[in-house]
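Structure at a glance
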Number of protein chains: 2
Amino acid sequence: MSQTELDVLREKVDELNLKILSLINERTAVAREIGKVKEKQGVNRFDPVRERDMLNLLKEHNDGPLEQPRVEHLFKEIFKSALDVQEKEQRKALLV
Amino acid sequence: MSQTELDVLREKVDELNLKILSLINERTAVAREIGKVKEKQGVNRFDPVRERDMLNLLKEHNDGPLEQPRVEHLFKEIFKSALDVQEKEQRKALLV
């Protein structure tokens, strides 16, 4: 395989990275909406049962090559990121 | 906001999770192809310069709500996952 073909593969990875970034940001924005609803309802944002449900759905749809433990690890980090954004915003709101 | 609206938001998150999963798996498959090319060329799969380039491109396109340090953390985990898949496959190949 020539250098050009390697470049084509790398461009493909860059495209996929940007799509993943866009979807993770979109996901974070929706999770933020959910957090606002929960806040109004006075319930805790972190919900381990819902988290397990999400991971189970991912398991059902995971055709690889990533193995399930790795998928779970990545998604737990994604979940944590969304909670982190919400906590920061809440702290800011409390300071206003 | 009613429970139904919360359910709608959760469905949206589930849809996004599955799209993200599919793209991360697709990315891992392309990274695997790149790894094979590099193996033939006898070069190391881990390339810190290329990794920095990918992170810089993500930074240029990151419109939030995720902050850049969090994006970098998540993508470093994604990069690591792809390398991990390749290393496991290589170990299997050596055992055959």
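Up top you'll find the structure we're talking about.
This text gives an overview of the structure that appears in the document. (Residues numbered from 1 in each chain as written. Chains lettered and ligands numbered in written order. Predicted model: local features only at pLDDT ≥ 70, side-chain atom pairs only at ≥ 80, totals over all residues. Heavy atoms only, no water.)

Some thoughts on the overall build of chain A
Which entries qualify depends on this criterion: For helices the rule is a DSSP run of H or I covering at least 4 residues; for strands it is a run of E covering at least 2, with both sets numbered from the N terminus onward. Each radius of gyration reported is based on C-alpha atoms, and the globular scaling rule is 2.2 Å times the count of residues to the power 0.38. Buried, partly exposed and exposed residues are distinguished by accessible area as a fraction of the type maximum, computed with a 1.4 Å probe on protein chains only: under 20%, between the cut-offs, and over 50%, respectively. In what follows, residue pairs with any heavy atoms lying within 4.5 Å of each other are defined as contacts. Method for areas: the Shrake-Rupley scheme with a 1.4 Å probe, in which residue coverage is limited to the protein chains shown.
Of the regular secondary structure elements, chain A holds three helices and zero strands. Shown N-terminal to C-terminal, the secondary structure of chain A runs as helices and strands in the order α-α-α. For chain A, whose C-alpha radius of gyration is 18 Å, the value lies well above the compact-globule estimate of 12 Å for 96 residues. Counting only C-alpha atoms, chain A reaches 60 × 35 × 15 Å along its principal axes. Counting the 96 residues in chain A, one finds 43% classified as buried. Counted over contacts in chain A with a minimum sequence separation of 6, partners at least 24 positions apart contribute 56%. When the accessible surface of chain A is split by element, carbon and sulfur atoms take 53% of a total near 5500 Å².

Observations concerning the pattern of salt bridges
Our working definition: By salt bridge we mean one thing: a side-chain nitrogen of Lys or Arg within 4 Å of a carboxyl oxygen of Asp or Glu.
For the structure on display, the rule yields 20 salt bridges over all chains. When the shortest N-O distance is used, the salt bridge between B:Asp47 and A:Arg10 registers 3.7 Å. With B:Asp47 in the loop between helix 1 (3-41) and helix 2 (48-61) and A:Arg10 in helix 1 (residues 3-41), this residue pair bridges two chains. By relative accessible area, B:Asp47 is classed as partly exposed at 25%. For A:Lys88, the salt bridge goes to B:Glu67, with nearest N and O atoms at 3.1 Å. A residue pair is termed interchain when its members come from two chains, as with A:Lys88 in helix 3 (residues 68-95) and B:Glu67 in the loop between helix 2 and helix 3 (68-95).

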